[in-house]
Amino acid sequence: MRILVVEDEKGLAIGLRAGLEAEGFAVDIAENGTDGLWLAREKPYDVILLDIMLPYLNGYQVCQALRDDKNWTPILMLTAKDGEWDQVEGLDTGADDYLTKPFSFAVLLARVRALLRRGATQRPAELTAGDLVFDPASRTTRRGDQPIDLTSRESAVLEYLLRHVGEVVTKRQILDHVWDDDFEGDPNIVEVYIRHLRNKVDRPFERSSISTLRGSGYRLASNGG
């Protein structure tokens, strides 16, 4: 297994390489964000350990660039920044885990092994169906370059349809995933929100991406209608 360590603190980088090599990993080191991004693009890695405060390109920028390239190598961010919004930004840009300095090597090793078990599974930052795009992090929707204003519930229904794009989903499935367990209202509320979505994401653009399959449920076309 090959690991890339992108860390500008030489002592820490050398220590991580020594510890990881003792565990049987092959390790490459980059001391700045630009070199780290180049290596991550040029070589196949199983895990990337990525510091945030780096010269030239910071860790957020490196992570975002890799995810934009459809590179899904698991990324564990290492940082001295322990604010909750720093963690949120790291995870929202596509990182898989977050470890605050100083940390125990045993804990880091356990996190690395967990990421290796998970593997490089695709985790797109945005959900798409043709030119219909939903960003789960910012909760924003657009058709091409045209933003669409949705309520939080409309966004939740659309997100569920996009996560199952091309599949038939039942009214009960939507209720179970979008409304909480205490919901005791009319199940036909789903039909109301489907109609709202059609009025916002389809009709103004002369599209028909959301179809009703009588007796079965709803389907969002993978081409966006």
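Residues numbered from 1 in each chain as written. Predicted model: local features only at pLDDT ≥ 70, side-chain atom pairs only at ≥ 80, totals over all residues. Heavy atoms only, no water.

In this section: the environment of Arg41. Mapping Arg41 onto the fold places it in helix α2 (residues 33-42). On the basis of relative accessible area, Arg41 is assigned to the partly exposed category, the value being 47%. With 73 residues separating them in the primary sequence, Arg41 and Ala114 have C-alpha atoms 23 Å apart. When near neighbours in sequence (up to four residues on either side) are disregarded, Arg41 contacts Ala65, Leu66 and Asp69. (Helix = DSSP H or I, 4+ residues; strand = E, 2+ residues; numbered from the N terminus. Buried < 20%, exposed > 50% of the residue type's maximum accessible area, 1.4 Å probe, protein only. Contact = heavy atoms within 4.5 Å.)

So, on to the nonpolar core. Ranked by internal contacts, the top residues of the largest apolar core, which has 24 residues, are Val157, Leu161, Ile174 and Trp179. Only β6 (127-129), β7 (132-135), α6 (152-163), α7 (171-178), α8 (189-202) and β12 (217-220) provide two or more residues apiece to this core. With near-sequence residues (within four places) excluded, Ile174 lies in contact with Val157, Tyr160, Leu161, Val169, Trp179, Val190 and Tyr218. Residues Val6, Leu39, Ile52 and Val62 belong to the second largest nonpolar core, which totals 20 residues. (Core = buried A, V, L, I, M, F, W, Y, C linked by side-chain atoms within 4.5 Å.)

A few words now on the sheet that holds strand β8 (residues 140-143). Pairing is antiparallel in the open sheet, where four strands are placed in the order β6-β7-β8-β9. Of all strands in the sheet, those with a lone pairing partner are β6 and β9 (146-148), marking the two edges. Taken over all neighbouring pairs, the strand axes of this sheet differ in orientation by 25° on average, direction set aside. The sheet strands contacting α6 are β6, β7 and β8, and the helix crosses β6 at an angle near 70°. (Pairing = 2+ DSSP bridges. Axes fitted to C-alpha atoms, helices over the stretch in contact; angles between N-to-C directions.)

What follows concerns α8. One turn of an α-helix holds 3.6 residues; hence residues three or four places apart share an orientation. The first and last C-alpha atoms of α8 sit 19 Å apart over 14 residues, in line with the 20 Å expected at 1.5 Å per residue. Along α8, the positions that sit buried rather than exposed are Val190, Tyr193, Ile194, Leu197, Arg198, Val201 and Asp202. Along the long axis of α8, the arc covered by the buried residues comes to 150°, so they all point the same way. (Expected span 1.5 Å × (residues − 1). Arc of directions from axis to C-beta.)

Partitioning the protein into structural domains gives domain 1 (2-119) and domain 2 (127-220). The centre of domain 1, based on its C-alpha atoms, is set 35 Å off from the matching centre of domain 2. (Domains from an automatic or database assignment.)

This next bit is on the pairing of strand β11 (residues 210-213). Pairing of β11 with β12 involves four bridges; the strand directions are antiparallel. The residue of β12 that forms the bridge with Leu213 is Gly217. Hairpin connection, β11 to β12: the antiparallel pair is bridged by three residues, and Gly215 has positive phi, about 85°.

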